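Residues per chain, in single letters:
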Amino acid sequence: MKKLLVVGLMMSGFAFGQIKQDTLDKEYKLEVAPKKEKKQKLNPLSKKGQMFVFFGWNRGAFSNSDIHFTGNGYDFQLNNVQARDKPTKFGIVYFDPSWFTVTQYNFRIGYFIKDNLALVLGIDHMKYVMKQNQTVDFSGTISDPKYAGMVQNGQVNLADEQFLTFEHTDGLNYENLGLEKYRNLVHKKNIDLVWSYGAGIGVMFPKSNIKLFGNERSDRFHVAGMGTDLRTSLNMVFWKNWMIRAEAKAGYINMWDIKTTLNNKPDKARQDFVFGQVLAGIGYTFNTKKYN
């Protein structure tokens, strides 16, 4: 009997304790609120649908080139012709919109077709000037005795400008379409550093300033050939939108239809050369669609 009483008391104590524990669990159990999804944190120059615009200025360098001239009464080539760019002296002209084409400028508009991959439309307004104070090798024929007489021992001295002046100064316009890959190097609250690399191809649309054999100077825009390039850039983005861009590129230009006379005569020149370019400027980046 005593054993039954002891067992009963133990079972009732266990049941009471279990009920008490269940009650405490219900009373003190904390409800965990569902976590809110954080908005996607966007890195500049990275997401599909983002865009950027850019404007800057450049310095250029050009390899020596052979320039072949053909027309009525002449067919000749000047070999290893040297050239340089023609930067405008720094001043208000760099910031006055009515004069911006005077400088060696660059314009870009880019759209991210995939994450970190952008299609970029660009205008590179370079300036190409043949160095006047040089003597170059000559091969070919000239029927005009005055200018044929300027050729001595297979060379011609260009210093006095009577034989030839040759420029693409309004300018050496490279209208190009490029594909660029972007990689974020630094991502802070108000600053990002983004590296890009890519390649481009486009048409040459120069306004060539050429005076050959005392003819009236040719000075008009004309699609003269094509170009291609490799490029890389560093982009520093401030406050998510404003961008400072520094870019370097190297490329090849082939112009087979350079107009050398002002009228519609068949006179023309052709040349090809390698170019290098460094540029810097400012831009703005923005989203074209909403992200969660």
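Residues numbered from 1 in each chain as written. Predicted model: local features only at pLDDT ≥ 70, side-chain atom pairs only at ≥ 80, totals over all residues. Heavy atoms only, no water.

Caption draft 1: Summary view of the packing of aromatic side chains. Evaluated as defined, the whole model comprises 24 aromatic pairs. Judged by centre distance (5.9 Å) and plane angle (45°), the ring pair of phenylalanine 238 and tryptophan 239 falls under tilted. Relative accessible area serves as the criterion here: at 23%, phenylalanine 238 is assigned to the partly exposed category. Accessibility expressed as a relative area gives 58% for tryptophan 239, which makes it exposed. Taken together, Phe62, Phe69, Tyr74, Phe76, Tyr128, Phe138, Tyr147, Phe163, Phe166, Phe213 and Phe273 form an aromatic cluster joined through their ring pairs. (Phe/Tyr/Trp six-rings, centres within 6.5 Å; stacked < 30°, edge-to-face > 60°. Buried < 20%, exposed > 50% of the residue type's maximum accessible area, 1.4 Å probe, protein only.)

Caption draft 2: View of the nonpolar core. Phe69, Phe76, Leu78, Phe163, Leu164, Phe166 and Leu172 are the most contacted members of the largest nonpolar core, which totals 34 residues. Contributions of two or more residues to this core are made by strand E2 (65-71), strand E3 (74-81), strand E6 (117-130), strand E7 (135-142), strand E10 (164-187), strand E12 (207-212), strand E15 (242-259) and strand E16 (268-287). With residues near it in sequence (within four places) discarded, phenylalanine 166 still touches Ile67, Phe69, Tyr128, Val129, Met130, Asn209, Ile210, Ile258, Ala269 and Gln271. One finds Ala118, Val120, Met243 and Leu279 within the second-largest nonpolar core, a separate group that totals 11 residues. (Core = buried A, V, L, I, M, F, W, Y, C linked by side-chain atoms within 4.5 Å. Helix = DSSP H or I, 4+ residues; strand = E, 2+ residues; numbered from the N terminus. Contact = heavy atoms within 4.5 Å.)

Caption draft 3: Representation of the side chain of lysine 249 within the structure. Mapped onto the secondary structure, lysine 249 falls in strand E15. Given a relative accessible area of 5%, lysine 249 falls into the buried group. Separated by 2.8 Å, the side chains of lysine 249 and aspartate 124 make a polar contact. (Polar contact = N/O pair within 3.5 Å; in protein donor to acceptor, adjacent residues only side chain to side chain.)

Caption draft 4: Inspection of the pattern of salt bridges at higher detail. Applying the stated criterion across every chain, the model contains 11 salt bridges. The partner of arginine 245 in a salt bridge is glutamate 180, with the nearest N and O atoms 3.1 Å apart. Remark: glutamate 180 occurs in strand E10 and arginine 245 occurs in strand E15; sequence separation between them is 65 residues. Arginine 245 sits in the buried class, given a relative accessible area of 0%. Among the residues examined, glutamate 180 registers a relative accessible area of 1% and is labelled buried. Note that arginine 231 is salt-bridged to aspartate 229, the shortest N-O span being 2.6 Å. Across the pair, exposure class does not vary: arginine 231 and aspartate 229 are buried alike. (Salt bridge = Lys/Arg side-chain N within 4 Å of Asp/Glu carboxyl O.)

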